[in-house]
Amino acid sequence: MSRPLGWPSDSDFSVVDVVVAEPQAGELLVRNEVLSVDPYMRGRMNEIPSYVAPFDIGQPLEGGAVGTVIESGSALFAAGDVVLHQSGWREYAVIAEDAATRLDPDLAPPSAYLGVLGMPGLTAYAGILEVAAMRPGEVVFVSAAAGAVGSAAGQFARLKGAGRVVGSAGSPEKVEYLRSIGFDAAFDYHEGALRRSLRTAAPDGIDVYFDNVGGRHLETAIGAMHPHGRIALCGAISMYNAQETPAAPRNLALSTGKRLTLRGFLAGDFAHLRNQFLEEAATWLRDGQLQYRETFAEGLRAAPSALLDMMRGRNLGKMLVRL
Ligand SMILES: NC(=O)c1ccc[n+]([C@@H]2O[C@H](COP(=O)([O-])OP(=O)(O)OC[C@H]3O[C@@H](n4cnc5c(N)ncnc54)[C@H](OP(=O)(O)O)[C@@H]3O)[C@@H](O)[C@H]2O)c1
């Protein structure tokens, strides 16, 4: 294994067979069934200080996973329980009982807890409602809008009364999908100038920008913001594999005159909203008001390419690995 410079390649990863330890008292042996593939995992491959420690070379990677308890050394869990935990990127995991959350498989398929009902969903919910403090009637722009976070953010904005929800994504199929799930307008950011596309989609400007992409998207959004607009800085995926300093945004100074708020945030800051989020999102899912998609890669050996595919935009909705 090695730390990638720029885009990772398969040779940065290795899949190894190891003997799985017996679960001790207070531990569970879990057979992982679905692994989450997330953009932040690319950041953990760099050896730089960040909000989450880098992966260790030679150790298994980590990430969200759902699976079934095979053997329990805990009074709190029984064999057969379906749990969510953070010891992904492996087929079996021995985890402490307090690292597992039991899931209700009757509410939604377990994989949904890695996407629309999980960390990406909470990110979207907190980003729209708390960070951007969206008010009914406002115009909201979401980038990477056909992905896990973006598709939820746009729908939460609509469900909470946005006046207009606009999304950008990387292909005509994704644009079609956005329209089908209730975005008022959507465009493929590869086609034509971003500024013109956004102006066509939101002719009167925008109040809220949910930024998943950074760079030129952020610059374009700053240009289109109304006075007192809010930008939720969720991520900057256009830069995760870049080796040069980003050239945009060049117009940050506009934020002063427009009295903009640009606020970075992490889903983990909003754990206190999790129950409220789950209750609302589960109700919308049950009522058919909230849609979600998943893209599956098959088998552990496909996990590295699933990460690359996600960063290249080959996913619609949440990128997952099915074991
Ligand atoms: N702050 C937090 O706590 C938090 C939590 C979760 C995720 N995030 C951030 O949220 C964003 C979305 O994450 P996700 O898990 O939902 O991933 P995702 O959107 O499901 O997948 C990533 C998408 O990014 C798009 N993309 C890649 N390179 C791009 C580029 N150069 N320009 C524009 N779009 C590009 C691709 O879609 P296209 O085909 O549309 O290009 C790809 O499908 C990421 O920035 C991530 O880091 C933040």
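In case you missed it, the structure is sitting above this.
The sections below set out a description of the structure shown in this document.

Procedures and definitions
- Residues numbered from 1 in each chain as written.
- Predicted model: local features only at pLDDT ≥ 70, side-chain atom pairs only at ≥ 80, totals over all residues.
- Heavy atoms only, no water.
- 1 Å grid on protein atoms, 1.4 Å probe; cavity = no way out; pocket = protein on both sides within 12 Å on 5 of 7 lines; lining within 4 Å.
- Points joined across faces, edges and corners; volume = space filled by probe spheres on them.
- Nonpolar A, V, L, I, M, F, W, Y, C, P; charged D, E, K, R; others polar.
- Helix = DSSP H or I, 4+ residues; strand = E, 2+ residues; numbered from the N terminus.
- Contact = heavy atoms within 4.5 Å.
- Near = heavy atom within 4 Å.
- Polar contact = N/O pair within 3.5 Å; in protein donor to acceptor, adjacent residues only side chain to side chain.
- Areas by Shrake-Rupley, 256 points an atom, 1.4 Å probe, with all protein chains shown as cover.

Glancing now at empty space enclosed by the protein. The final tally for this structure, using the stated rule, is two cavities of 30 Å³ or more. Taken as a whole, the largest cavity encloses approximately 90 Å³ of empty space. Lining the largest cavity we find Met1, Ser2, Arg3, Pro4, Asp12, Phe13, Arg44, Met45, Phe55, Asp56, Ile57 and Leu61. Residues of the lining of the largest cavity, tallied by class, amount to seven nonpolar, one polar and four charged. Empty space within the second largest cavity amounts to approximately 70 Å³. If you go around the second largest cavity, the residues you meet are Gly115, Val116, Ala148, Ser151, Ala152, Gln155, Leu290, Gln291, Tyr292, Arg293, Gly317 and Lys318.

Quick look at the side chain of Ser151 now. Note on placement: Ser151 falls in helix H3 (residues 148-159). Not counting residues up to four positions away in its chain, the partners in contact with Ser151 are Ala145, Ala146, Tyr177, Ile181 and Phe183.

Taken together, 27 residues form the shell around the ligand, and within it Lys174, Tyr189, Tyr240, Ala267 and Asn315 come nearest. In the model, an oxygen atom of the ligand is placed 2.8 Å from a nitrogen or oxygen of the Gly170 main chain. When the ligand sits alone it has 900 Å² of accessible area, and the protein chains cover 90% of it. Those elements that place two or more of their residues in the shell around the ligand are helix H2 (119-131), H3 and helix H9 (303-311). Each residue belonging to the shell around the ligand can be placed in one class, and the counts come to 17 nonpolar, nine polar and one charged.

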